[in-house]
Amino acid sequence: MRIYTKTGDNGTTSLATGERVSKTDSRLEAYGTSDELNSWIGVLRSKVLDMEDVDNQLMHIQNLLFNLGATLAGAELPIPSSESEWIECCIDDMQSVLTPVRAFILPAGNERVSFCHVCRTIVRRLERQMVGLAEKKIIKKEKYGAEYQFVNRLSDYLFVLARFLGEKDGVKVTIWKKN
């Protein structure tokens, strides 16, 4: 099977439903962002190979992001609400060993901490795009409630993972200083 189909040479592509849309369609922006995030999480995974539990969590998240991208493209691969509960458990486990921080921190640190923050900001963009799709009535917010919740929890997870990896690596947290 060839990788190229030539069907997109005119600036359109097919959704999972078979509908052809412009490559600038807001659904493509959303699932393209999900794909971008998935790629960056792959980069992050390459930096946590020494931590099998974290690598496994990130691999599970990557699989869920593929489901989310397919769902945004019109397929029916819903993310169960139990996945948000799973992410909450991961967050709680990491936070239980972290030193509390009562201030905003700057997204900085070593390479793997910084990759967490890059992933976190891409998640926030994806969340904004999903809300935009719902506001335009392209997707039904009530139908994708578990997906919204998953994406919202994922940004929290990545923030806490950044702190968790930073503490493991002895990276000092940089507190935001108001001018």
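Bringing the overall build of the protein chain into the picture now. On a plain count of helices and strands, the protein chain comes out with five helices and two strands. Starting at the N terminus and ending at the C terminus, the protein chain contains elements arranged as β-β-α-α-α-α-α. The dimensions of the protein chain, computed from C-alpha atoms along their principal axes, are 50 × 40 × 35 Å. A total of 179 residues make up the protein chain; the buried ones form 41% of that total. Contacts in the protein chain between residues at least 24 apart in sequence constitute 73% of all its contacts with a sequence separation of at least 6. In the structure as shown, the protein chain presents an accessible area of about 10,300 Å², 53% of it carried by carbon and sulfur atoms. Side-chain charges of the protein chain comprise 24 positive and 24 negative groups, with the mean position of each set lying 6 Å from the other.

Attention now goes to the packing of helix 1 (residues 26-46) against helix 2 (residues 52-72). Helix-helix packing is characterised by the crossing angle of the two axes and by the distance between the axes. Between helix 1 and helix 2, the shortest axis-to-axis distance is 9 Å and the interhelical angle comes to 165°. Comparing their axes, helix 2 and helix 1 come out roughly antiparallel. When the axes of helix 1 and helix 2 are compared, the crossing they make is left-handed. Contacts from Arg27, Ala30, Tyr31, Ser34, Leu37, Asn38, Ile41, Gly42, Leu44 and Arg45 of helix 1 reach helix 2 at Asp55, Leu58, Met59, Ile61, Gln62, Leu65, Phe66, Leu68, Gly69 and Leu72. Here the residues of the contact of helix 1 with helix 2 are counted per class, giving twelve nonpolar, five polar and three charged.

Tallied over the full model, the rule gives zero disulfides. Cysteine Cys89 shares no disulfide, and the gap to the nearest cysteine sulfur, in Cys90, comes to 7.0 Å. This cysteine, Cys116, is not joined by any disulfide, and Cys119 carries the nearest cysteine sulfur, 6.7 Å off.

Bringing the nonpolar core into the picture now. Judged by nonpolar contacts, the single largest core of 42 residues is most densely connected at Leu44, Leu154, Tyr157 and Leu161. The dominant element in this core, judged by the number of residues it contributes, is helix 5 (residues 145-169), at eleven residues. Sequence-distant contacts of Leu44, that is, excluding residues within four places in its chain, are made with Leu58, Arg112, Phe115, Cys116, Cys119, Leu158, Leu161 and Leu165.

A few words on the environment of Asp35. As for its placement among the helices and strands, Asp35 is situated in helix 1. When the C-alpha atoms of Asp35 and Leu68 are compared, they prove to be 9.4 Å apart, with 33 residues separating the residues in sequence.

As a further point, take the pattern of salt bridges. Pairing between side chains becomes possible if they bear opposite charge and their charged atoms approach one another. Tallied over the full model, the rule gives eleven salt bridges. Here Asp169 and Arg112 are joined by a salt bridge, their closest N and O atoms 2.7 Å apart. Within this pair, whereas Asp169 is found in helix 5, its partner Arg112 is found in helix 4 (residues 111-135), the two being separated by 57 residues in sequence. Because the salt bridges share partners, they merge into one network encompassing Glu19, Asp25 and Arg27.

In this structure the tally under the stated criterion is two aromatic pairs. Relative to Phe115, the ring of Trp40 lies with its centre 5.7 Å away and its plane at 40°, an arrangement referred to as tilted. Linking Trp40 in helix 1 with Phe115 in helix 4, this pair joins segments that are 75 residues apart in sequence. Here the aromatic rings of Phe104 and Trp176 are separated by 5.7 Å at their centres, their planes lie at 75°, and the arrangement is edge-to-face. Within this pair, whereas Phe104 is found in the loop between helix 3 (82-95) and helix 4, its partner Trp176 is found in the segment after helix 5, the two being separated by 72 residues in sequence. Judged by its relative accessible area of 61%, Phe104 is exposed. We classify Trp176 as partly exposed; its relative accessible area is 42%.

For helix 4, spanning 25 residues, the distance from its first C-alpha to its last is 36 Å, which sits close to the expected 36 Å at 1.5 Å a residue. The opening residue of helix 4, the one whose side-chain oxygen lies 3.4 Å from the backbone nitrogen of Arg112, is Asn110. In the segment just after helix 4, Lys137 is the residue with positive phi, at about 65°.

Cut-off values and rules
Residues numbered from 1 in each chain as written. Predicted model: local features only at pLDDT ≥ 70, side-chain atom pairs only at ≥ 80, totals over all residues. Heavy atoms only, no water. Helix = DSSP H or I, 4+ residues; strand = E, 2+ residues; numbered from the N terminus. Buried < 20%, exposed > 50% of the residue type's maximum accessible area, 1.4 Å probe, protein only. Contact = heavy atoms within 4.5 Å. Areas by Shrake-Rupley, 256 points an atom, 1.4 Å probe, with all protein chains shown as cover. Lys, Arg positive; Asp, Glu negative; His and termini not counted. Charge placed at Lys NZ, Arg CZ, Asp CG, Glu CD. Axes fitted to C-alpha atoms, helices over the stretch in contact; angles between N-to-C directions. Parallel < 35°, antiparallel > 145°, perpendicular 65-115°, else oblique. Left-handed = near helix turned anticlockwise from the far one by under 90°. Nonpolar A, V, L, I, M, F, W, Y, C, P; charged D, E, K, R; others polar. Disulfide = S-S within 2.5 Å. Core = buried A, V, L, I, M, F, W, Y, C linked by side-chain atoms within 4.5 Å. Salt bridge = Lys/Arg side-chain N within 4 Å of Asp/Glu carboxyl O. Phe/Tyr/Trp six-rings, centres within 6.5 Å; stacked < 30°, edge-to-face > 60°. Expected span 1.5 Å × (residues − 1). Polar contact = N/O pair within 3.5 Å; in protein donor to acceptor, adjacent residues only side chain to side chain.

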